Amino acid sequence: MFKAGSTKVVLIQGDITRQDTEAIVNAANSSLLGGGGVDGAIHRAGGPQILEECKQIRARQGGCPAGEAVITGGGNLKARYVIHTVGPVWSGGGSREDELLSSAYRNSLQLAVSRGIRSVSFPSISTGAYGFPTGRAARVAASTVKNFLEREGGLDEVRFVLFSEKDFNTYREAWEELTAAGD
Ligand code: AR6
């Protein structure tokens, strides 16, 4: 367990669809119409209501650009809300990938705080189908979340839910490095 401001930061290995935080974050794509990986798992576990709401958002604003976030209800999930964010597709690191990934985390947290949500679970955004190197993504995620929580507060818990033991260790190391580096 780590601390950022007054928020608890918890890292676990597991399935994000089973988390009991108030919101879980989906690593979606710009169409908001579903896909594989975490996105597929969330829509399967949460049922058709989530896609229905995504379609309504599309009708209002088009899709969701990389780095931004939208929110729907959680359907049949334990989580009351799903925050859908879109990470960057990795293309070598010179196409603002770090910046866009950082925005995806920051805008998801901002949206949660603006809705009064007190706990949020994140998957490892962009490191599956989108090919972002996990070590680099973990450092971006950790520093972005830590900075946000220290500056803004407003959340009791942020949970990182990593699917594999390898990813869990990578995220744990990123948080340890950040904590060892001091504030
Ligand atoms: N719980 C937690 N993590 C999971 C789960 C789960 N149930 N399932 C997979 N992961 P990805 P991306 C991990 O590909 O790279 C979709 O098709 C997975 O092991 O889901 O942002 C969307 O529609 C990996 O570490 O997301 C987009 O088109 C991490 O989640 C595209 O993929 C992210 O992998 C987004 O790609």
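Residues numbered from 1 in each chain as written. Predicted model: local features only at pLDDT ≥ 70, side-chain atom pairs only at ≥ 80, totals over all residues. Heavy atoms only, no water.

Participant: Mind showing me how you'd approach the pattern of salt bridges here?
Facilitator: Scanning the entire structure with this criterion turns up eight salt bridges. The salt bridge partner of D98 is R136, with a shortest N-O separation of 2.8 Å. Of this pair, D98 sits in helix α3 (residues 97–114) while R136 sits in helix α4 (residues 134–152), placing them 38 residues apart in sequence. Overall, the relative accessible area of 30% leaves R136 in the partly exposed class. It is possible to trace a salt-bridge network through shared partners that takes in K8, D20, E157 and R159. (Salt bridge = Lys/Arg side-chain N within 4 Å of Asp/Glu carboxyl O. Helix = DSSP H or I, 4+ residues; strand = E, 2+ residues; numbered from the N terminus. Buried < 20%, exposed > 50% of the residue type's maximum accessible area, 1.4 Å probe, protein only.)

Participant: Help me out: how do you make sense of the site of the ligand in this one?
Facilitator: Close to the ligand lie 23 residues, the nearest being N29, G36, V38, D39 and S126. Here D15 contributes a side-chain N or O atom positioned 2.9 Å from a nitrogen atom of the ligand. Here an oxygen atom of the ligand and a backbone polar atom of Y130 are 3.1 Å apart. Relative to its unbound accessible surface of 700 Å², the ligand loses 88% to contact with the protein. Mapped onto the shell around the ligand, the elements with two or more residues apiece are β3 (23–28) and α1 (37–46). Sorting elements by how many residues they give to the shell around the ligand places α1 first, with four residues. (Near = heavy atom within 4 Å. Polar contact = N/O pair within 3.5 Å; in protein donor to acceptor, adjacent residues only side chain to side chain. Areas by Shrake-Rupley, 256 points an atom, 1.4 Å probe, with all protein chains shown as cover.)

Participant: Looking at this model, I keep getting lost on the pairing of strand β5 (residues 81–86). Mind explaining?
Facilitator: In regular strands, side chains alternate between the two faces of the sheet. Extensive coverage of β5 is indicated by the burial of five of its six residues. Pairing between β3 and β5: six bridges, direction parallel. Directly across from A27, in β5, lies its bridge partner T85. The sheet contact formed by strand β4 (residues 69–73) and β5 spans five bridges and is antiparallel. (Pairing = 2+ DSSP bridges.)

Participant: Mind showing me how you'd approach the packing of aromatic side chains here?
Facilitator: For any pair of aromatic rings, the description consists of the separation of the ring centres together with the inter-plane angle of the planes. Scanning the model with the defined rule gives seven aromatic pairs in all. Look at F2 and W175: their rings are 5.8 Å apart centre to centre, the planes differ by 35 degrees, and that puts the pair in the tilted class. In this pair, F2 is assigned in strand β1 (residues 2–4) and W175 in helix α5 (residues 165–180), connecting sequence segments 173 residues apart. Using a relative accessible area of 15% as the deciding quantity, one classes F2 as buried. With a centroid separation of 5.9 Å and an interplanar angle of 25 degrees, the aromatic rings of F122 and F160 are classed as stacked. Taken as a pair, F122 in strand β6 (residues 119–122) and F160 in strand β7 (residues 157–162) lie far apart in primary sequence, 38 residues in all. Here F122 matches F160 in class, with each residue buried. What links up through ring pairs into an aromatic cluster is the set F2, Y105, F122, F160, Y171 and W175. (Phe/Tyr/Trp six-rings, centres within 6.5 Å; stacked < 30°, edge-to-face > 60°.)

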